[in-house]
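Listed below, chain by chain, are the residues.
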Amino acid sequence: MKITDRDYLTKDNFSAPESKRGIFTARVVANEPICKEHNRLALKVDSFPASKPGQFINILCSTSESSYPRVIEQADEGQLIMDKANVLAAPALLRRPFSLAGRRKDNQGAQSVLEIIYRIIGSGTRWLSQLGEGEQVNIIGPLGNGFRTDFLQSETLAVLIGGGTGIAPLMYLASELMLKGQRIKFFVGAASKDILPISKAILEDKQFPIIIAAEDGSAGFKGTVLQAWEDWLGRQSLSPSGIVVYTCGPEVMMREVAQRCIAMGVRCQVSLERIMACGMGICQGCAVKVRTETPPYWQYKLTCTDGPIFDADEVIWQDG
Amino acid sequence: MVDLSVDIAGMKLANPIMTASGTAGYADELADFVNLKQIGAFVTKTITLEPRAGNAYPRVIETASGLVNAVGLANIGLDAFLAEKIPILSELGLPIIVSVAGKTVEEYRAITERLDSVDAISAVELNISCPNVSEGGIQFGMDARQVAKVTAAARQACNRKVLIVKLSPNVTDITTPARAAIEAGADAISLINTLNAMVIDIEQRKPFLANRTGGLSGPAIHPVALYMVYQVCSSVAGPAGVPVIAMGGVRTARDAIEFLLAGATAVAIGTATMINPTCLIEVCDGIRDYLLEHNYKSVREIIGTLQDD
Ligand SMILES: Cc1cc2nc3c(=O)[nH]c(=O)nc-3n(C[C@H](O)[C@H](O)[C@H](O)COP(=O)(O)OP(=O)(O)OC[C@H]3O[C@@H](n4cnc5c(N)ncnc54)[C@H](O)[C@@H]3O)c2cc1C
Ligand SMILES: Cc1cc2nc3c(=O)[nH]c(=O)nc-3n(C[C@H](O)[C@H](O)[C@H](O)COP(=O)(O)O)c2cc1C
Ligand code: FES
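Computed from a prediction, not measured in an experiment: that's the story for all the values here.

Describing the packing of helix α4 (residues 225–234) of chain A against helix α5 (residues 251–264) of chain A
All names here are of chain A.
Okay, step 1: Two numbers describe how α4 lies on α5: the axes approach to 10 Å, and their chain directions differ by 20°. As the angle between them shows, α4 and α5 are arranged roughly parallel. Relative to α5, the crossing made by α4 is right-handed. Contacts between α4 and α5 pair Val225, Leu226, Trp229, Glu230 and Leu233 from the former with Met253, Glu256, Val257, Arg260, Cys261 and Met264 from the latter.

Quick word on the environment of A:Pro169
All names here are of chain A.
Okay, step 1: Within the fold, Pro169 resides in helix α2 (residues 167–179).
Okay, step 2: Relative accessible area serves as the criterion here: at 1%, Pro169 is assigned to the buried category.
Okay, step 3: Spatially, the C-alpha atom of Pro169 lies 21 Å from that of Asp46, the residues being 123 residues apart in sequence.
Okay, step 4: In this view, Pro169 contacts Pro53, Ser99, Leu100, Phe147 and Cys248; residues no more than four positions away in its chain are not counted.

Some thoughts on the sheet that holds strand β7 (residues 102–105) of chain A
Residue and element names in this part refer to chain A.
Okay, step 1: Strand order in the open sheet made by the seven strands is β6-β3-β9-β1-β2-β8-β7, with antiparallel pairing throughout. Each edge of the sheet is formed by a strand with only one pairing partner; in this case those strands are β6 (96–99) and β7. Strand-to-strand twist across the sheet, computed as the mean angle between neighbouring axes with direction ignored, equals 35°.
Okay, step 2: Pairing of strand β1 (residues 22–33) with strand β2 (residues 38–46), which is carried by six bridges, proceeds in the antiparallel orientation. Each bridged residue has a counterpart across the sheet, and for Glu32 the counterpart in β2 is Arg40.

Quick word on the site of ligand 2
Okay, step 1: Among the 23 residues in the neighbourhood of ligand 2, the closest are listed as B:Ser21, B:Thr46, B:Lys166, B:Gly249 and B:Thr271.
Okay, step 2: Looking at what sits near ligand 2, you find residues from chains A and B.
Okay, step 3: B:Lys166 is positioned such that a nitrogen or oxygen atom in its side chain is 2.8 Å from an oxygen atom of ligand 2.
Okay, step 4: For ligand 2, whose unbound accessible area comes to 610 Å², protein coverage reaches 97%.
Okay, step 5: The class makeup of the residues in the shell around ligand 2 is seven nonpolar, 14 polar and two charged.

Quick look at the site of ligand 1
Residues and elements named next belong to chain A.
Okay, step 1: Of all residues adjacent to ligand 1, which total 21 residues, the nearest are Arg96, Pro97, Ile117, Gly124 and Thr125.
Okay, step 2: A distance of 2.9 Å separates an oxygen atom of ligand 1 from a polar atom in the backbone of Arg119.
Okay, step 3: Here Gly122 contributes a backbone N or O atom positioned 3.0 Å from an oxygen atom of ligand 1.
Okay, step 4: Protein chains shield 78% of the accessible area of ligand 1, which is 870 Å² for the free molecule.
Okay, step 5: Contributions of two or more residues to the shell around ligand 1 are made by β6, β8 (111–119) and α1 (123–129).
Okay, step 6: With four residues, β6 is the single largest residue contributor to the shell around ligand 1.
Okay, step 7: When its residues are assigned to classes, the shell around ligand 1 shows eleven nonpolar, six polar and four charged.

Here is what the cut-offs are and how they apply
Residues numbered from 1 in each chain as written. Chains lettered and ligands numbered in written order. Predicted model: local features only at pLDDT ≥ 70, side-chain atom pairs only at ≥ 80, totals over all residues. Heavy atoms only, no water. Axes fitted to C-alpha atoms, helices over the stretch in contact; angles between N-to-C directions. Helix = DSSP H or I, 4+ residues; strand = E, 2+ residues; numbered from the N terminus. Parallel < 35°, antiparallel > 145°, perpendicular 65-115°, else oblique. Left-handed = near helix turned anticlockwise from the far one by under 90°. Contact = heavy atoms within 4.5 Å. Buried < 20%, exposed > 50% of the residue type's maximum accessible area, 1.4 Å probe, protein only. Pairing = 2+ DSSP bridges. Near = heavy atom within 4 Å. Polar contact = N/O pair within 3.5 Å; in protein donor to acceptor, adjacent residues only side chain to side chain. Areas by Shrake-Rupley, 256 points an atom, 1.4 Å probe, with all protein chains shown as cover. Nonpolar A, V, L, I, M, F, W, Y, C, P; charged D, E, K, R; others polar.

Below you can see the structure in the form of structure tokens.
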């Protein structure tokens, strides 16, 4: 079997035009644990616009937000009946952002199945974890800019470095790059193997170009994903222009990857996470400091619209 | 058919629903998500004479049914606004209300003067929830004398546009600044801006927001906003014949109808727009349904009709 035939790879080839973002009702087709700490949620949605790895969706993590009172029926006598159902106790007010971890075409064709991998940390993600198959969720997307792959040459090696939940957007990127025939090396890491958000199919696929790091030594390389990458780098004789690095994970990890890449002269893109209130470029909440050419040599960009993917050398990291 | 149109000091709105400043950007951000042509009026993010980068991160954090923000008036500045955003805004075919702020009374006057000659806009809204640098950094809106000064200065520069003063709720008695604004020449009053608030990160024992404190919005503030709107309408704006634009925690038509019954002529939706852009339309539809169910011909029939017994 060719690697591009693997069914965990992205199969929706984005035939949709470069259309706009939108608000969609999606149906849950799967919502199950993928490891001890992460769940995988698959959402079926009609005519979802073209999307790119690195983009995200904003999920309304509460039940029905429709307005009240609403007329739902007009009885014969001209009497109007109101829908007084109420949803006063919404568990999470703001939408929650989640990176696309994959996208494929539904068997029937016209619909897309979007995949996210999430970790339960609070009210919104707990609400998500209770969704059953067939239930509906309201999503906005695709949001954000996505990873840039236009500068990859056919012989370039794409190196993906993911830590913990940050592996999610890189899964989508890995799939797309592999389908295009790009050479990749995918480093993933977590404290222990059983909290690594990687599907069994991939773990068992000897041909999948993945290197696993577990700090407790429970799988693959014993140590952090950074150490695994450094170890591998030490054994290569690559020219800086021969590789491009994409990373997502804890900010301290990405910062180290970024600094290492800058020192080596390797092109690197990072996927940043900031607290978001809107995801649409409105609230200005998700500000990130980036370098500029002109005084004062920095400005704020928005993670939700200018990002979440940034070039490593433009980011001015927090606390320094 | 129900007539949803309302009139704010001569400004004609097809329906009483508008955006709240800072929660709908400059309109283009929302273009993919909702047809803004269907609302009553558009209110822009607050503009200042010079561009502002805003506060450090973190700037927003969710609380129980609310959102605390300390964005720090990040905006593109008046010149960029006029050049880049006015053309987009004028295509909406709606009354455009430009929210403005300054660090001094003179800045409020100057920015109002510049906007007074811009054909595409219908009104200027003074955001007075900003620190007054010449008076020790106390918010203009927290001191009735400052409210009067800012309003009078803007009034002097505002001859062709409707002048709206947006009140800060961070006062002992909301009717005091309301009266000051009306006496100084405001054509309409809008309220409320966000309530002073803060969140603490208990692990780090530090304020959560980089600015330490911020302003609370969203469903959590709705009953407080309603109380203030009710007070302003019944004891100041109503008797003076000055229209009120109400906002604070509107998410459903019921919330908006409460404001209308309390005396507001129009209702703005802020935080809820950022969660569900289409709620602007849904709330409007819900008001229409309510009017139909109660056999009203016009939304104007219910404004300020709270029953006493
Ligand atoms: C662009 C982007 C992509 C993301 N992709 C994924 C993903 O693929 N999988 C995944 O599991 N998570 C992802 N996240 C993080 C995810 O959005 C948060 O875990 C989620 O919002 C938490 O919601 P909650 O209601 O469960 O927790 P809450 O109760 O809201 O929060 C619990 C704790 O997390 C903090 N927190 C809340 N939201 C954020 C945030 N956005 N960033 C940082 N801290 C936050 C809170 O301050 C609090 O301390 C992403 C975030 C961004 C900005
Ligand atoms: C993220 C954010 C930014 C805001 N920016 C402004 C602003 O620039 N100018 C202003 O007058 N009010 C601003 N507000 C206040 C809103 O216009 C509104 O008065 C307040 O949020 C209450 O309404 P709501 O509960 O419907 O959001 C902002 C509110 C939020 C949440
Ligand atoms: S999340 Fe609101 S501007 Fe980015």
